Amino acid sequence: MTADEYAAARHTLPEAGRWTELVAGVVVRHDEPDDVHGNVVLNLSRTIGGMIAGPGEVGFTALFDTGVVTATGPDSVRFPAVSLFPRGEGAGLFDDVGSVVTARTPEVVIEVTSTPSRRRDFAARIEELHAAGVRAVWAVDPEERAVTTVAVDDPVTIYTGDESPTDGLLRDFRASVDDLFATPAWWHGGPPASA
């Protein structure tokens, strides 16, 4: 199966193809993530959204759970939790929003290794992403409550607790590892009160 065929057929797969990827032309299903995974993605989206919308010049646009082509012939499509793309390469800010798969290559991807199927062979997955042109891969590991950054031009670094992950590309990231795993305050008491 090609990346285009997979993108066209993904919604017809069980559960609309959620938790699937295309690996060397074959559809692979991952374990369904838990609430911790969801909290991490929510906290990442809030932090990255603040970076992009906030003051200063942030040179990225972000896509969440959008397929990234990592190999062709046979094709592979991976779905990082977050993909960060450089601005100003001919693509508009919202060009890929709603797409199943993007043809662009992100500079940074953030993965959440929250299930056994997501942790399995993760080192090979990092190599695959780097080979596809991704310059930095962040792995958020709920089991270890740590973030590991693996950038092409930087040493591998592990962050824990109140440390704020960073690398040569994402210098403005302003959330600690503990912040990424925090359950939103409104979650226990129902939805937030309207203003």
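It should be noted that the structure appears before, not after, this text.
These remarks concern the structure in this document. (Residues numbered from 1 in each chain as written. Predicted model: local features only at pLDDT ≥ 70, side-chain atom pairs only at ≥ 80, totals over all residues. Heavy atoms only, no water.)

1. Observations concerning unusual backbone geometry
Thinking step 1. At the junction of Gly-73 and Pro-74, the peptide bond is cis and its omega measures out at 5° in the coordinates.
Thinking step 2. As for its position among the elements, Pro-74 is in the loop between strand E4 (67-71) and strand E5 (76-78).
Thinking step 3. A positive phi angle is found at Ala-24, which is not glycine, with a value near 50°.
Thinking step 4. Structurally, Ala-24 can be placed in the loop between strand E1 (20-23) and strand E2 (26-29). (Helix = DSSP H or I, 4+ residues; strand = E, 2+ residues; numbered from the N terminus.)

2. Describing the pairing of strand E11 (residues 157-160)
Thinking step 1. Pairing of strand E10 (residues 146-151) with E11, which is carried by four bridges, proceeds in the antiparallel orientation. Bridging across to E11, Thr-148 finds its partner in Ile-158.
Thinking step 2. Connecting E10 to the antiparallel partner E11 that follows it, the hairpin turn spans five residues. (Pairing = 2+ DSSP bridges.)

3. What to know about the nonpolar core
Thinking step 1. Counting 24 residues, the largest nonpolar core has Leu-44, Val-108 and Phe-173 as the members making the most contacts within it.
Thinking step 2. Going through the elements one at a time, helix H2 (35-53), strand E6 (82-86), strand E8 (108-112), strand E9 (136-141), E10 and helix H5 (177-181) are the ones with two or more residues in this core.
Thinking step 3. The element best represented in this core is H2, accounting for four residues.
Thinking step 4. Residue contacts for Val-108: discarding those within four places in its chain leaves Phe-60, Val-82, Ser-83, Leu-84, Val-134, Ala-136, Trp-138, Leu-169 and Leu-170.
Thinking step 5. With eight residues, the next largest nonpolar core counts Val-109, Ile-126, Val-134 and Val-137 among its residues. (Core = buried A, V, L, I, M, F, W, Y, C linked by side-chain atoms within 4.5 Å. Buried < 20%, exposed > 50% of the residue type's maximum accessible area, 1.4 Å probe, protein only. Contact = heavy atoms within 4.5 Å.)

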